Amino acid sequence: MRVFIAGIDGYLGWALAQYLVVRGHTIAGNDTFYRRQWVEEMGSCSAIPISDIAQRLAAFREQFGETILFREGDLLDYAFLKSFLQEFQPDAIVHLAEMPSAPYSMMDQAHAVFTQNNNVIGSLNLLWAMKEVCPDAHLVKLGTMGEYGTPNIDIPEGFFEVEFRGRKDKLPFPRQANSFYHWSKVHDSNNTMFACRVWGLRATDIMQGVVFGTRIEEMRNSALLRTRLDFDQCFGTAINRFCCQAVIDHPLTIFGGGGQTRGFLPLRDSMQCLAVTIENPPERSEYRVFNQFEECYTVEELAYIVQTVGNQLGMGISVQHYDNPRKELDEHYYNPDRNHLINLGYTPSHDVKAEIRIMLQDLLHHKDRIAEKRDVLIPDIRWDGSRKRANVIDQTIAHP
Ligand code: USQ
């Protein structure tokens, strides 16, 4: 298939290009390199060094014998987007070109507006461009499990049956997002669902959990093919941050009580899920929602898994609780479904410890880079728009 990856230079996009080319797909993609700039804005860098796009593209050609049709450009530039899609004529479009950080979107008015403008208008442009240029293509839109929030009932995949005043309907499950970033994804979901209904587009909205991991097999040991891995308060996600903290003997930073539960999945599972989705497109006019994660864990459970694996590798890892800069429930019910992808053949790896062991071993090579930026590890972006460094509220040295 001809697969267009919007945001091909990012954490997921660069890995996905490699995963898909090995499966025989032809790849094109765009990027603005914003992710590189945002992480710099946070005073940080990728823990794993990454090369520039020209070197990446050359290494890709050499490793896989295939060329990526790449253009630098923004989804907000509608003329650019339309002409690129016209040229490539994709069968599938994977949309990874959004600002992905909740704290970044909560920093201040400018960052909130930037996030929603970039994400919502970029996605709307993509829907229009698909309608005008490639209405038969399949949009694989990266949403987030965070769209649902943490309701006190089970979470279905997008829709649920409701009975109200004696009548029944199948309706979108309520969205209760917890940051302007997560709300931008909700707005995207609504626009995508509507475009499928009125224009007959086909789309899969992926409600993805928190991704972790430093590599997929396809990268082998090539430094030029490795994907980025962030650890700052905005672009580093929980397990990735914990592993970076572990290799520099920094205590693992649990925000609040650590009872926050999320669905997590290794990078390799995320790639598998996206490929399964692309290779099994929906019908025209169909808008379907897949919840995409491997297992649910509390943040505290994960910190202790990192600690256990790290200790097996001879590290002495401590865990600290910090006052939570976010406004979120510390403890809550969390039971989302994830059947659609399994029914299409997704096989979860189920070995979070093995994945964390690989991560720690990979990151040990780069501990000096991480140590140099250790100041970015303590969050200060608060959900009320203020900046105040989080304080330690409790310390646990060893897993009970
Ligand atoms: N957390 C800590 N300590 C840390 C970092 C995070 O306790 O050092 C906690 C947070 O308070 C939160 C949980 O871990 O309760 C997850 O935080 P995160 O930063 O790993 O993930 P989140 O902000 O939810 O966002 C990430 C991605 C986003 C994606 C989302 C999926 O940045 O793009 O949409 O995961 S989900 O969480 O399922 O909504």
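Structure: see above.
Source: prediction; values computed, not measured.

J.: Outline the sheet that holds strand β13 (residues 295–298), supporting the account with residue identities and numerical values.
T.: An order of β9-β11-β13 is seen for the 3 strands of this open sheet, with the pairing classed as mixed. At either margin of the open sheet sits one strand with a lone partner, and together these are β9 (210–212) and β13. In this sheet, neighbouring strand axes are inclined to one another by 45 degrees on average, regardless of whether the strands run parallel or antiparallel. The sheet contact formed by β9 and strand β11 (residues 261–266) spans 3 bridges and is parallel. Bridged to V210 within β11 is F264. On top of the sheet, helix α10 (residues 299–312) reaches β11 and β13; it is set at about 90 degrees to β13, its chief contact.

J.: Account for the state of the cysteines, naming residues and giving values.
T.: According to the stated counting rule, one finds 0 disulfides in the structure shown. C45 carries a free sulfur, and the closest cysteine sulfur to it, the one in C244, is 9.4 Å from it. The class for C45 is buried, based on a relative accessible area of 19%. In this model C244 remains outside any disulfide bridge; the closest cysteine sulfur is found in C243, 7.1 Å from its own.

J.: I'd like a description of the packing of helix α8 (residues 238–247) against helix α12 (residues 352–364), backed by residues and values.
T.: It is at 9 Å that the axes of α8 and α12 come closest, and there the two elements cross at 50 degrees. Overall, the two elements α8 and α12 adopt an arrangement that is oblique. Crossing hand, α8 versus α12: right-handed. Contact with α8, carried on its side by I239, N240, C243, C244, A246 and V247, involves I356, M359, L360, L363 and L364 of α12 and no other residues of that element. Tallied by class, residues from the contact of α8 with α12 come to 10 nonpolar, 1 polar and no charged.

J.: Tell me about empty space enclosed by the protein, and name the residues and values.
T.: Empty pockets left among the atoms are what a rolling probe the size of a water molecule brings to light. In total, this model carries 2 cavities of 30 Å³ or more according to the counting rule given. Counted as a void, the largest cavity has a volume near 40 Å³. Lining the largest cavity, in full, are P103, Q233, F255, P325, R326, P379, I381 and W383. Here the residues of the lining of the largest cavity are counted per class, giving 6 nonpolar, 1 polar and 1 charged. The calculated volume of the second largest cavity comes to roughly 30 Å³.

J.: Which residues make up the packing of helix α6 (residues 109–133) against helix α7 (residues 180–199), and what values go with them?
T.: Orientation of α6 relative to α7, taken along the N-to-C sense of each, is 15 degrees, at an axis distance of 9 Å. Comparing their axes, α7 and α6 come out roughly parallel. Here the hand of the crossing between α6 and α7 comes out right-handed. Listed contacts from α7 to A112, T115, Q116, N119, V120, S123, L124, L127, W128 and K131 of α6 are F180, Y181, W183, S184, H187, D188, N191, T192, A195 and W199.

J.: Tell me about the pattern of salt bridges, and name the residues and values.
T.: Applying the stated criterion across every chain, the model contains 21 salt bridges. In this structure, E132 engages K82 in a salt bridge whose closest nitrogen and oxygen atoms are separated by 2.8 Å. A residue pair is termed long-range when its members are at least 10 positions apart, and E132 in helix α6 and K82 in helix α4 (residues 78–88) qualify at 50 residues. Between D230 and R228 there is a salt bridge whose closest N-O contact spans 2.8 Å. Taking the relative accessible area as the measure of exposure, D230 reaches 3% and is therefore buried. Three or more residues are tied together by salt bridges with common partners; here these are E98, K141, K185 and D188.

J.: Lay out the nonpolar core with the relevant residues and their values.
T.: In terms of nonpolar packing, the biggest core is built from 76 residues, with I5, I27, I68, I239, M271, I356 and L363 touching the most fellow members. Considering each element in turn, this core owes the most residues, 9 residues, to helix α1 (residues 11–22). For I356, the contacting residues outside a window of four places in its chain are I239, C243, I305, V306 and V309. Residues A6, A28, M130 and A203 belong to the second largest nonpolar core, which totals 31 residues.

J.: A description of the packing of aromatic side chains should follow, citing residues and the corresponding values.
T.: Applying the stated rule across the entire model yields 16 aromatic pairs. Look at W38 and F114: their rings are 6.0 Å apart centre to centre, the planes differ by 75 degrees, and that puts the pair in the edge-to-face class. Here F114 lies in helix α6 and W38 lies in helix α2 (residues 34–41), a separation of 76 residues in the sequence. Assessed through its relative accessible area of 8%, W38 is described here as buried. Connected via pairs of aromatic rings, a cluster forms that spans Y34, W38, Y104, F114 and F235. Stacked on the ring of F88, the Lys or Arg R2 has its end atom at 4.3 Å from the ring centre. Over the face of the ring belonging to F84 we find R71, whose NZ or CZ atom lies 5.5 Å from the ring centre.

Rules used in this analysis
- Residues numbered from 1 in each chain as written.
- Predicted model: local features only at pLDDT ≥ 70, side-chain atom pairs only at ≥ 80, totals over all residues.
- Heavy atoms only, no water.
- Pairing = 2+ DSSP bridges.
- Helix = DSSP H or I, 4+ residues; strand = E, 2+ residues; numbered from the N terminus.
- Axes fitted to C-alpha atoms, helices over the stretch in contact; angles between N-to-C directions.
- Contact = heavy atoms within 4.5 Å.
- Disulfide = S-S within 2.5 Å.
- Buried < 20%, exposed > 50% of the residue type's maximum accessible area, 1.4 Å probe, protein only.
- Parallel < 35°, antiparallel > 145°, perpendicular 65-115°, else oblique.
- Left-handed = near helix turned anticlockwise from the far one by under 90°.
- Nonpolar A, V, L, I, M, F, W, Y, C, P; charged D, E, K, R; others polar.
- 1 Å grid on protein atoms, 1.4 Å probe; cavity = no way out; pocket = protein on both sides within 12 Å on 5 of 7 lines; lining within 4 Å.
- Points joined across faces, edges and corners; volume = space filled by probe spheres on them.
- Salt bridge = Lys/Arg side-chain N within 4 Å of Asp/Glu carboxyl O.
- Core = buried A, V, L, I, M, F, W, Y, C linked by side-chain atoms within 4.5 Å.
- Phe/Tyr/Trp six-rings, centres within 6.5 Å; stacked < 30°, edge-to-face > 60°.
- Lys NZ or Arg CZ within 6 Å of the ring centre and 35° of its normal.

Function cannot be inferred from these measures alone, as they are strictly geometric.
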